[in-house]
Amino acid sequence: MATKVLVPRLGEGVDEVTVTKWLKQVGDSIKELEPLLEVNTDKVDTEIPAPASGIVLKIIAQEGQVSKVGELLAVIGVAGESVDGDESAQSAGVSKVSKVENDALSESKGQKSVAPQPSTATRPSTDLGFISPVVAKIAAEHGVNLGQVAGTGLNGRITKNDVLAFVSSGQKSQVESQNVQRSTFNLQPIAGDQLIKHTMIRRSIAEHMVMSKRTSPHVLTVMEADLSRITKHRAANKSAFERDGVKLTFTAYFMSAIVAGLKAYPTVNSSWTDEGVLIHKSINLGMATSLGEEGLIVPVIKSADNLSLLAMARTVNDLANRARNKKLQPDEVKGGTFTLTNHGISGSLFAFPVINQPQCGILGVGAMQKRVVVIDDAIAIRPMVYLSFVFDHRILDGASADWFLVKVKETLENWA
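Bear in mind the structure is a predicted one, so any value in this text is a computation, not a measurement.

S.K.: Explain the sheet that holds strand β2 (residues 16–22) here, please?
M.R.: Paired through their backbone hydrogen bonds, the strands of a sheet run either parallel or antiparallel. Pairing in this open sheet of four strands is antiparallel, and the strands run β5-β4-β2-β7 from one edge to the other. Here the strands that pair on one side only, and so sit at the sheet edges, are β5 (44–49) and β7 (66–68). When the angles between neighbouring strand axes are averaged without regard to direction, this sheet yields 40°. As defined by bridge partners, β2 adjoins β7 across three bridges and the pair is classed as antiparallel. Opposite Val-17, over in β7, you have Ser-67 as the bridge partner.

See the structure below:
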């Protein structure tokens, strides 16, 4: 009997999803709990597993389509099984299975099954989509015509691994000399403009950022902190944390310092309403996490004020890893009361982050650099970092914002 694949409820308040990518096509075989498709909800990409093993007989919801919880996405069954009288799905399933069975039969008779060879047909350069600098550089170094590379990334985007696999296969580019001469950052079509279509995540980010700038007056205040004690503490405790299976990152320290600041000045842990300023009882810290070319996402550490440094570091590791592997649940990106963005990872010294509405503020942490500073009228070299605090001027004034930032700074500089 055929099994229907329905839109599951992925979290509280999640009533619909957008199908972003089918991982299997009609006629493909699939095992129970094997990922069948990816859906997006509130910037979270989530894999939906197959509820049963069998053949994908029919796909109902197409990529880009919005489906409500409980609606039919696909049908899984056995070869030859009828699906609501749809003969096309039935025949496709039979065709696919027949090929698999024939291959298996050939091998059982001692015949070698010939694997299909990758197509060497060149894609039009206008179909390449976005090409990252890393991909462009590798392609240029190896003389690879990206039009011949099959992309496995989001929306068919060509990734670093796609290019390396192409190089390892020993295939030669038909336009090697042209690619070598072209600039690393100029592997776009030589003539004409190129349209890179928005992904669901990029569109969601854009809408949220524009809404935030229109909603609240953003004000920036910047201080710098000496991380000498933090670096020493981290060096002394990294091994102990690793024995507990935890990577001790600077992010855990920044999160703990923010907790200290929010405890000292609860008004920063708030939201603006027409009736008044809503002070949040729980401290739920958002952690802006880069997804590379796809954008960013902000998983939330719930009740962060109850976590030790070890527990904070473990939670930071877990959320960051699952965010990059698209394993977050929709509830894990909701309910934040304050956000940290560590833009220094890419070398930025300080920035003007956009508030994650409806929060009161966001703290940006720049790259740590050893700089010459004056301490007690003496010149010293210290690991310094800029702290950029952007706040909602409806809630905080310059003085109250600086009080909070001073507390964060002092917590970092006096870590024991």
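S.K.: Looking at this model, I keep getting lost on the pairing of strand β6 (residues 54–59). Mind explaining?
M.R.: Regular strands place their side chains on alternate faces of the sheet. Most of β6 is tucked away: five of the six residues are buried. Where strand β3 (residues 29–30) meets β6, two bridges bridge the pair, whose relative direction is antiparallel. Note that in β6 the partner of Ile-30 across the bridge is Gly-54. Note that β6 and strand β8 (residues 72–77) share four bridges and pair antiparallel. The residue bridging Val-56 from the neighbouring strand is Ile-76, located in β8.

S.K.: Is there a simple way to explain the pairing of strand β4 (residues 35–41) in this structure?
M.R.: A large share of β4 lies buried, amounting to six of its seven residues. Sheet topology note: the β2/β4 ladder contains four bridges and is antiparallel. Looking at β4, one finds that Trp-22 is bridged to Leu-37. Relative to β5, β4 is paired through six bridges, and the arrangement is antiparallel. The residue bridging Asn-40 from the neighbouring strand is Asp-45, located in β5.

S.K.: What's the story with helix α3 (residues 160–168) in this structure? I'm lost.
M.R.: Along an α-helix, residues three or four apart share an orientation, since each turn contains 3.6 residues. When we look at burial in α3, the residues that qualify are Asp-162, Val-163 and Phe-166. Taken end-on, α3 shows its buried residues confined to a sector of 95°, consistent with a single buried face. In this structure, α3 carries Asn-161 and Ser-168 as exposed residues pointing more than 90 degrees from its buried face. Positive phi shows up at Gly-170, right after α3, with a value of about 85°.

S.K.: Looking at this structure, I do not really get the sheet that holds strand β1 (residues 3–6). What am I missing?
M.R.: Here four strands make up an open sheet; going across it, the order is β1-β8-β6-β3 and the pairing antiparallel. Each edge of the open sheet is held by one strand with a lone partner, namely β1 and β3.

S.K.: What's the story with the pattern of salt bridges in this structure? I'm lost.
M.R.: Pairing of side chains with opposite charge becomes possible as their charged atoms draw close. The full count for this structure, using the stated rule, is eleven salt bridges. Between Asp-318 and Arg-322 there is a salt bridge, and its shortest N-O distance comes to 3.0 Å. Taken together, the residues span about one helical turn, with Asp-318 and Arg-322 both in helix α8 (residues 309–324) at a distance of four residues. Here the salt bridges do not stand alone but share partners, grouping Asp-318, Arg-322 and Glu-332 into one network.

So, how was this worked out
- Residues numbered from 1 in each chain as written.
- Predicted model: local features only at pLDDT ≥ 70, side-chain atom pairs only at ≥ 80, totals over all residues.
- Heavy atoms only, no water.
- Pairing = 2+ DSSP bridges.
- Helix = DSSP H or I, 4+ residues; strand = E, 2+ residues; numbered from the N terminus.
- Axes fitted to C-alpha atoms, helices over the stretch in contact; angles between N-to-C directions.
- Buried < 20%, exposed > 50% of the residue type's maximum accessible area, 1.4 Å probe, protein only.
- Arc of directions from axis to C-beta.
- Salt bridge = Lys/Arg side-chain N within 4 Å of Asp/Glu carboxyl O.

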